[in-house]
Amino acid sequence: MGDLREPLNELTACGLPEALEVMGERWSFMILRASFNGLHHFEEFLSELGIARNILSNRLAKLVEHGILDRQPCADDRRRIEYRLTAKGFDLLPAMVALRQWGQKYGSEVVENPVLCDELDRLPIGPTSILSHDGRVLGPKDLRFVVPENLGLREDGTRARPAAGFDRAHGEGLGRPPIAAVR
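Residues numbered from 1 in each chain as written. Predicted model: local features only at pLDDT ≥ 70, side-chain atom pairs only at ≥ 80, totals over all residues. Heavy atoms only, no water.

J.: An account of the overall build of the protein is requested, with residue identities and associated values reported.
T.: Along the protein, the regular secondary structure elements total 6 helices and 4 strands. Listed N to C, the secondary structure of the protein is α-α-α-α-β-β-α-α-β-β in terms of helices and strands. Counting every position in the protein, which comprises 183 residues, the buried fraction comes to 20%. A total of about 13,600 Å² of accessible surface is found on the protein, and carbon and sulfur atoms cover 54% of it. (Helix = DSSP H or I, 4+ residues; strand = E, 2+ residues; numbered from the N terminus. Buried < 20%, exposed > 50% of the residue type's maximum accessible area, 1.4 Å probe, protein only. Areas by Shrake-Rupley, 256 points an atom, 1.4 Å probe, with all protein chains shown as cover.)

Now the structure itself:
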């Protein structure tokens, strides 16, 4: 990935330690998976996941504290609480799909049932990929670290510009709609 490396001893210089601080244990991922599958209530999580009540309570509180889930009263019974994915929570979907695909590829005979498909044609989704600003699929040899002031500066000295409509901070562009909260 080039000559420049991340400062590996500085935990704040990379988003990975921050993400792992929030999501870095099994139950947080399992709760998130359940949320993507439509579960919203404490008792649903408890019965579907087989998780201890105190662990579930702790993990839900942490996911709410970090803005991944939103805690709100149910519309039909204000005494009950619902946990809903926020836009920040929905942004974890690509990571969840990538981890799922990795587990299916390298797990011990994991059979996907049901199969995760494209809504339009109901065929299985392709492998999660790393895309360039203009939509090219990138592999490990295509990646390198660059200091911010040299972004876009090619090896030959010319300067590249991001594809029209590409917004790295919000994952938007390349014909994809903006990310929005779904309720």
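J.: Describe the environment of Phe166, listing the residues and the values that go with them.
T.: The residue Phe166 is located in the segment after β4 (137-138) in this model. Look at Phe166 and you get partly exposed, because its relative accessible area is 26%. Spatially, the C-alpha atoms of Phe166 and Gly135 are 9.8 Å apart, while their sequence positions differ by 31 residues.

J.: Which residues make up the packing of aromatic side chains, and what are the values?
T.: Under the counting rule described, the total for this entry stands at 3 aromatic pairs. For the ring pair Phe36 and Phe90, a centre distance of 5.9 Å and an interplane angle of 70° mean the geometry is edge-to-face. On the criterion of sequence distance, the pair formed by Phe36 in helix α2 (residues 26-36) and Phe90 in helix α5 (residues 87-90) is long-range, its members being 54 residues apart. Since its relative accessible area comes to 25%, Phe36 is described here as partly exposed. (Phe/Tyr/Trp six-rings, centres within 6.5 Å; stacked < 30°, edge-to-face > 60°.)

J.: Hey, could you go over the pattern of salt bridges for me, with residue numbers and the actual values?
T.: Under the criterion given, the structure shown has 7 salt bridges. For Arg53, the salt bridge goes to Glu43, with nearest N and O atoms at 3.5 Å. One end of the pair, Arg53, is in helix α4 (residues 53-65); the other, Glu43, is in helix α3 (residues 42-49), and 10 residues separate them in sequence. Residue Arg53 is classed as partly exposed on the basis of its relative accessible area, which comes to 46%. For Asp134, the salt bridge goes to Arg136, with nearest N and O atoms at 3.0 Å. Judged by its relative accessible area of 38%, Asp134 falls in the partly exposed class. Assessed through its relative accessible area of 45%, Arg136 is described here as partly exposed. (Salt bridge = Lys/Arg side-chain N within 4 Å of Asp/Glu carboxyl O.)

J.: Can you tell me about the nonpolar core, naming the residues and giving the values?
T.: Proteins that are soluble and globular tend to have nonpolar side chains buried together. If you look at the biggest cluster of nonpolar residues, it comprises 20 residues, and the most contacted ones within it are Ile31, Phe45, Leu49, Ile51, Leu56, Leu60 and Leu69. Of all the secondary-structure elements, those providing two or more residues to this core are α1 (15-23), α2, α3, α4 and β2 (81-85). (Core = buried A, V, L, I, M, F, W, Y, C linked by side-chain atoms within 4.5 Å.)

J.: Explain unusual backbone geometry residue by residue, including any values.
T.: For the bond running from Asn113 to Pro114, omega is 5°, close enough to zero to count as cis. Residue placement: Pro114 occurs in the loop between α6 (93-106) and β3 (130-131). Notably, Arg122 is not glycine yet its phi reads approximately 60°, a positive angle. For Arg122, the position within the fold is in the loop between α6 and β3. Since its relative accessible area comes to 58%, Arg122 is described here as exposed.

J.: Run through α3, naming residues and quoting values.
T.: Within the span of α3, buried status applies to Phe42, Phe45, Leu46 and Leu49. For α3, the arc enclosing every buried residue in end-on projection is 100°, short of the 170-degree limit, so these residues lie on one face. Relative to its buried face, α3 has exposed residues pointing more than 90 degrees away, namely Ser47 and Glu48. Where α3 is buried, its residues contact α2, α4 and β2. Note on α3: the residue one or two positions beyond its end, Gly50, has a positive phi of about 70°. (Arc of directions from axis to C-beta. Contact = heavy atoms within 4.5 Å.)

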